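Per-entry structural report
These are the residues of each chain, in order.
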Amino acid sequence: MGSAAPAAPCVFCEIAAGRSPAYVVYEDANTLAFLDIFPFTRGHLLVVPKRHVDRLVDLPSTEHAGYLGALAQACRQVERLTKDYNIGLNQGRLAGQIVFHLHFHVIPRYDAGNPFGTLPRTRIGEADAAAVVRDLGGPIRR
Ligand code: AMP
Ligand code: ZN
């Protein structure tokens, strides 16, 4: 876990090292954006730091700005296709993370269908909200 190199070859490290192919749409010194090979929609991108980290909390804060800038750049490119898109980040198995190398999804939307499925949702209550904020260690104000 964390930022150590993974035991098994990591598919996104292999792409970042140029040993595996990818349909790259953006690259800078620290980041790559390329097409997801099983796209939800046309133009579905993955934005990937070249260094191996499992998840966002493992990315050094000195690299946050560059990574966010690369994500914004990938969004600009997606906006050539459509102004409607979702940005997603799956963290952990239960959240659907399959590749344990940090990546944002940018998923263009061309119609009103929900590609993420439909879980029923109910409005949160006052007490529940307070408890959840507390359990999240909040509110943090800086
Ligand atoms: P996640 O569920 O967030 O871990 O998503 C991993 C994503 O990586 C999936 O949407 C896969 O389709 C995609 N993927 C896996 N291998 C490759 C690859 N070699 N090139 C591009 N996308 C890939
Ligand atoms: Zn990796």
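Look up: the structure comes first, before these words.
Residue positions within a chain follow its written sequence, with the count starting from 1. Here every chain gets a letter starting at A, and every ligand a number starting at 1, in the order they are written. The predicted nature of this model means local features are confined to residues of pLDDT at least 70 and side-chain atom pairs, given and counted, to a pLDDT of 80 or more, with totals for whole chains, interfaces and linings taken over all residues. Side-chain figures throughout are based on the complete set of non-hydrogen atoms in the structure, without hydrogens or water.

1. Quick notes on the packing of aromatic side chains
Here a pair means two rings of Phe, Tyr or Trp (six-membered ring of Trp) with centres within 6.5 Å. Their orientation is stacked below 30 degrees between planes, edge-to-face above 60, and tilted elsewhere. A full pass over the atoms with the stated rule returns two aromatic pairs. Between Phe-12 and Phe-34, the ring centres sit 5.4 Å apart and the planes meet at 75 degrees, which makes this aromatic pair edge-to-face. Highlighted residues: Phe-12 in helix H1 (residues 11-16) and Phe-34 in strand E2 (residues 31-35), separated in sequence by 22 residues. The cut-offs for exposure are 20% and 50% of the maximum accessible area for each residue type, with area from a 1.4 Å probe on protein chains only; residues under the lower value are buried, those over the upper are exposed, and the others partly exposed. Taking the relative accessible area as the measure of exposure, Phe-12 reaches 7% and is therefore buried. Aromatic pair Tyr-67 and Phe-104: ring centres 5.5 Å apart, planes at 40 degrees, arrangement tilted. Of this pair, Tyr-67 sits in helix H2 (residues 64-78) while Phe-104 sits in strand E5 (residues 104-108), and the two are 37 residues apart along the sequence. Taking the relative accessible area as the measure of exposure, Tyr-67 reaches 4% and is therefore buried. Looking at Phe-104, the relative accessible area reads 15%, which means it is buried. Labels follow the DSSP assignment, with helices taken as runs of H or I lasting at least four residues and strands as runs of E lasting at least two, numbered in each case from the N terminus.

2. Regarding the coordination of the zinc ion (ligand 2)
Surrounding the zinc ion (ligand 2) are the protein donor atoms Cys-10 (SG), Cys-13 (SG), His-52 (ND1) and His-101 (ND1), at 2.0 to 2.3 Å. The site at the zinc ion (ligand 2) holds four donor atoms, and with the angles between them running 103 to 120 degrees, its shape is tetrahedral. Counted as donors are N, O and S atoms no farther than 2.8 Å from the metal, or 3.2 Å for Na, K and Ca; water is not among the atoms, and sites may therefore look incomplete. Spacing between the donor residues of the zinc ion (ligand 2) along the chain follows C-x2-C-x38-H-x48-H. In this pair, Cys-13 sits in helix H1 while His-52 sits in the loop between strand E3 (45-49) and H2, placing the two residues 39 residues apart along the sequence. Grouping residues by exposure puts Cys-13 and His-52 together as buried. Geometry is assigned from the angles between donors: four donors with all angles from 85 to 135 degrees make a tetrahedral site, four or six donors whose opposite pairs exceed 155 degrees while the rest stay between 65 and 115 make square planar or octahedral sites respectively, and everything else is labelled irregular.

3. Regarding the pattern of salt bridges
Should a side-chain nitrogen of Lys or Arg be within 4 Å of a carboxyl oxygen of Asp or Glu, the pair is scored as a salt bridge. Summed over the entire model, instances satisfying the criterion amount to four salt bridges. Between Glu-63 and Arg-51 there is a salt bridge, with the nearest N and O atoms lying 2.6 Å from each other. Of this pair, Glu-63 sits in the loop between E3 and H2 while Arg-51 sits in the loop between E3 and H2, and the two are twelve residues apart along the sequence. By relative accessible area, Glu-63 is classed as partly exposed at 22%.

Fair warning: the whole summary comes from geometry, so function is off the table for now.
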